[in-house]
Amino acid sequence: MHIYIDSANIDDVQTAHELGLVDGVTTNPSLVSTTDRDYHDIVTELDELVDGPISVEVIATDYEEMLREAREYDTWGENIAVKLPMTRDGMKALRELSAEGVQTNITLIFSANQALIAAKNGATMVSPFIGRLDDIGHDGMDLIKDIREIYDTYGFETDVLAASIRHPKHVKEAAKAGADIATIPSNVADSMFDHPKTDEGLDAFLDDWGDRPSPALKDWSDETTADWTGGPPFFGVDASIFWAAVLTVNILTHPRF
Ligand code: E4P
């Protein structure tokens, strides 16, 4: 499963990138509004930093204007996916952009039928919003499973991108449900690393080791030959002990030796 970072903050994406967690990035108008930067500058920087799709969302709601925005966004980088809302105008724009070979991400998907329509119109990805479904008492993960089943049944190549992820359990469940991608806020991505037993175990190992230096940084070159008596240690036993044992056995088994 690919992991995208759901953010318009370059520092957050950079941090996750260094930890191997960025196969792509998703942005939206709300995320961009949390920065005081131009959408264009954010996207061009993300596109240079990340080796994967950068989703850029249209602001327009009518078909003609969406197309104009989408074609402009597509020039903002090497790997832009234009985000279109799941509306009738959005689907008309999607048909046209699919024919032009523009990557697309259909956002605000809340039902399997919406995902079916988007796939039939050639969407590159669909974004079911699992957290917002959970918020209103539905089970967002059921939607991921339904879309997965429909796409597999009919061989749609549209990727299922689990969006609106709120916590690490969503990530695990989306992976188990067969999502192709999960787009994750940076704080959730960061918390995926943590487990109290990992910290506890590491503390115990280090306490037991004490203040001895690292064995990897010690110069072993002398010690590997110093104690050999005609050869390397045998069967993990120091060579002098090994030869003493051979001599004893010989004396005992050959009294005149
Ligand atoms: C990503 O593409 C979506 O816009 C985002 O995941 C929505 O998340 P939210 O429901 O937390 O705003």
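Residues numbered from 1 in each chain as written. Predicted model: local features only at pLDDT ≥ 70, side-chain atom pairs only at ≥ 80, totals over all residues.

J.: Where do I start with the pairing of strand β6 (residues 125-128) in this structure?
T.: Regular strands show a simple pattern: their side chains alternate between the two faces of the sheet. Neither face of β6 is left uncovered, since the one carrying Met125 and Ser127 and the one carrying Val126 and Pro128 both have all their residues buried. Bridge count for strand β5 (residues 103-109) against β6 is three bridges, and the pairing is parallel. Along β6, the bridge assignment pairs Ile106 with Val126. Judged from the two bridges that link them, β6 and strand β7 (residues 159-162) form a sheet pairing that is parallel. In the sheet register, Met125 faces β7, and the bridge partner there is Asp159. (Buried ≥ 20, exposed ≤ 12 C-beta atoms within 10 Å, placed from the backbone. Helix = DSSP H or I, 4+ residues; strand = E, 2+ residues; numbered from the N terminus. Pairing = 2+ DSSP bridges.)

J.: Where do I start with the site of the ligand in this structure?
T.: Taken together, the neighbourhood of the ligand is formed by Asp6, Thr26, Asn28, Thr107, Ser127, Phe129, Gly131, Arg132, Ala163, Ser164 and Thr183. For the shell around the ligand, a count of residues per class yields two nonpolar, seven polar and two charged. (Near = placed C-beta within 6 Å. Nonpolar A, V, L, I, M, F, W, Y, C, P; charged D, E, K, R; others polar.)

J.: Would you explain the packing of helix α6 (residues 112-120) against helix α8 (residues 140-154) in this entry?
T.: Geometrically, a packed helix pair is captured by the angle between its two axes and the distance between the axes. The geometry of α6 relative to α8 is characterised by a closest axis approach of 9 Å and an angle of 40° between their N-to-C directions. Our classification of the angle between α6 and α8 gives oblique. Of the two elements, α6 crosses α8, and the hand of that crossing is right-handed. Note on element contacts: α8 touches α6 through Leu143, Asp146, Ile147, Ile150 and Tyr151, opposite Ala112, Ala115, Leu116 and Ala119. Within the contact of α6 with α8, the residues separate by chemical class into eight nonpolar, no polar and one charged. (Axes fitted to C-alpha atoms, helices over the stretch in contact; angles between N-to-C directions. Parallel < 35°, antiparallel > 145°, perpendicular 65-115°, else oblique. Left-handed = near helix turned anticlockwise from the far one by under 90°. Contact = placed C-beta atoms within 7 Å.)

J.: Teacher, can you tell me more about the nonpolar core here?
T.: It is characteristic of soluble globular proteins that their nonpolar side chains tend to be buried jointly. Formed by 57 residues in total, the largest nonpolar core has its most connected members in Ala70, Val82, Ala118, Val126, Ile144 and Ala162. Broken down by element, the residue count for this core peaks at five residues, all from α8. Ala162 has contacts with Pro128, Ile130, Ile144, Ala174, Ala179 and Ala182, leaving out every residue within four places of it along the chain. (Core = buried A, V, L, I, M, F, W, Y, C linked by C-beta atoms within 7 Å.)

J.: Got a minute to help me understand helix α5 (residues 88-100) in this structure?
T.: Three or four residues apart is the spacing at which side chains of an α-helix point the same way, because the helix has 3.6 residues per turn. Under the 1.5 Å per step criterion, the end-to-end length of α5 is 19 Å for 13 residues, consistent within 8% with the ideal 18 Å. For α5, every residue scored as buried is listed here: Gly90, Ala93, Leu94 and Leu97. Taken down its axis, α5 places every buried residue within 110° of arc, on the same side. Facing away from the buried side of α5 by more than 90 degrees, the exposed set consists of Arg88 and Ala99. (Expected span 1.5 Å × (residues − 1). Arc of directions from axis to C-beta.)

J.: Honestly, the sheet that holds strand β3 (residues 54-57) in this entry has me stumped. Any pointers?
T.: Strand pairing in a sheet relies on backbone hydrogen bonds. The paired strands run either parallel or antiparallel. Read once around its circumference, the closed barrel built from eight strands follows the order β1-β2-β3-β4-β5-β6-β7-β8, with strand pairing classed as parallel. The average angle at which neighbouring strand axes cross in this sheet is 30°, direction not considered. Where β3 and strand β4 (residues 80-85) come together, four bridges link them in parallel fashion. Bridging across to β4, Ile54 finds its partner in Ile80.

Geometric values such as these leave the question of function open.
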